[in-house]
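Residues per chain, in single letters:
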Amino acid sequence: MDLKYQFNKTSLHQLNRELAVRLEALPTLHAKESALRAEVKRAKDAAQLLKGQIEEELSSIEFMSRLWVEFPDILMLKEVKVTTRNIAGVKIPQFNGLSFKMARFSLFGRPSWLLSGVEILKGISELRVKHKIVKKELAILEYARKKTTQKVNLYEKVQVPAFDEAIQRIKRFLEDEENLAMASQKILKAKKARRAACQ
């Protein structure tokens, strides 16, 4: 990292402030990163669990596959209720329920399993919507974790060492300048003392 600075006390103070900001932010960033890692793991586990539940539900009704051809269009998804929650400064969606619209129909002349089929469809629809939302949540969390990790690495491996090095260079330069000034003052005093002694 190329820092632009001058070899003076003002620049030294400014670099010290910048370094302090980064060092102060690092513990917070580490905490955010670990919280996001835990949430990513939780979301992955939830997605796997939901996927397994969907597959289990579909395999449990597979024997009725011929009957689903006869299922009328009476059930429609009306609304997916999603809220947002905040995890370590990242807003993620959270499933909050489904509402369905059911067409009016008469049970006379309809198969006896129709109402059970409606409940099965509602259950599968809910599982699939939850799975989609958890996958979206996982993508958001993974992106945020990746960005946080990049920032931690930028601070730890690039910026903090660059600021430290710049501060050390400025301090050395100022010390050398001060030593040279003191040495030249001593030489001037010695010359003045010799002149005074010669007169």
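**A word on the nonpolar core**
No. 1: Leu12, Leu15, Leu19, Leu26, Ile167 and Ile170 are the most contacted members of the largest nonpolar core, which has 13 residues in total.
No. 2: Secondary structure elements with two or more residues in this core: helix 1 (9-60) and helix 3 (114-198).
No. 3: The element that contributes the greatest number of residues to this core is helix 3, accounting for eight residues.
No. 4: Once you skip the residues sitting within four places of it in the chain, leucine 19 turns out to touch Val160, Phe163, Asp164 and Ile167.
No. 5: In this structure, Leu36, Ile92, Leu138 and Leu141 belong to the second largest nonpolar core, which totals nine residues.

**Overview of helix 3**
No. 1: With 85 residues, helix 3 extends 123 Å between its outermost C-alpha atoms, agreeing within 8% with the 126 Å of an ideal straight helix rising 1.5 Å per residue.
No. 2: Bending of helix 3 peaks at approximately 40 degrees at the position of tyrosine 155.

**Side note on the pattern of salt bridges**
No. 1: A full pass over the atoms with the stated rule returns 10 salt bridges.
No. 2: Here arginine 42 makes a salt bridge to glutamate 39, at a shortest N to O gap of 2.9 Å. Note that arginine 42 and glutamate 39 are positioned in helix 1 at a spacing of three residues, about one turn of the helix.
No. 3: On the accessibility criterion, glutamate 39 (17% relative accessible area) is buried.
No. 4: In the salt-bridge network here, residues are joined through shared partners; they are Glu39, Arg42, Arg85 and Glu137.

**Focus on the packing of aromatic side chains**
The description of an aromatic ring pair rests on the distance of the ring centres and on the angle between the ring planes.
No. 1: Applying the stated criterion across every chain, the model contains two aromatic pairs.
No. 2: Taking the centre distance of 5.5 Å and the plane angle of 70 degrees together, the rings of tyrosine 5 and phenylalanine 7 count as edge-to-face.
No. 3: Consider the rings of phenylalanine 7 and phenylalanine 173, whose centres lie 4.9 Å apart with planes at 50 degrees: the pair is tilted. Taken together, the positions of phenylalanine 7 in the segment before helix 1 and phenylalanine 173 in helix 3 put the pair 166 residues apart, joining distant regions of the chain.
No. 4: Judged by its relative accessible area of 35%, phenylalanine 173 is partly exposed.
No. 5: In this structure an aromatic cluster arises from ring pairing among Tyr5, Phe7 and Phe173.

The rules behind each value
Residues numbered from 1 in each chain as written. Predicted model: local features only at pLDDT ≥ 70, side-chain atom pairs only at ≥ 80, totals over all residues. Heavy atoms only, no water. Core = buried A, V, L, I, M, F, W, Y, C linked by side-chain atoms within 4.5 Å. Buried < 20%, exposed > 50% of the residue type's maximum accessible area, 1.4 Å probe, protein only. Helix = DSSP H or I, 4+ residues; strand = E, 2+ residues; numbered from the N terminus. Contact = heavy atoms within 4.5 Å. Expected span 1.5 Å × (residues − 1). Bend = angle between axes of the 7 residues up to and from the residue. Salt bridge = Lys/Arg side-chain N within 4 Å of Asp/Glu carboxyl O. Phe/Tyr/Trp six-rings, centres within 6.5 Å; stacked < 30°, edge-to-face > 60°.

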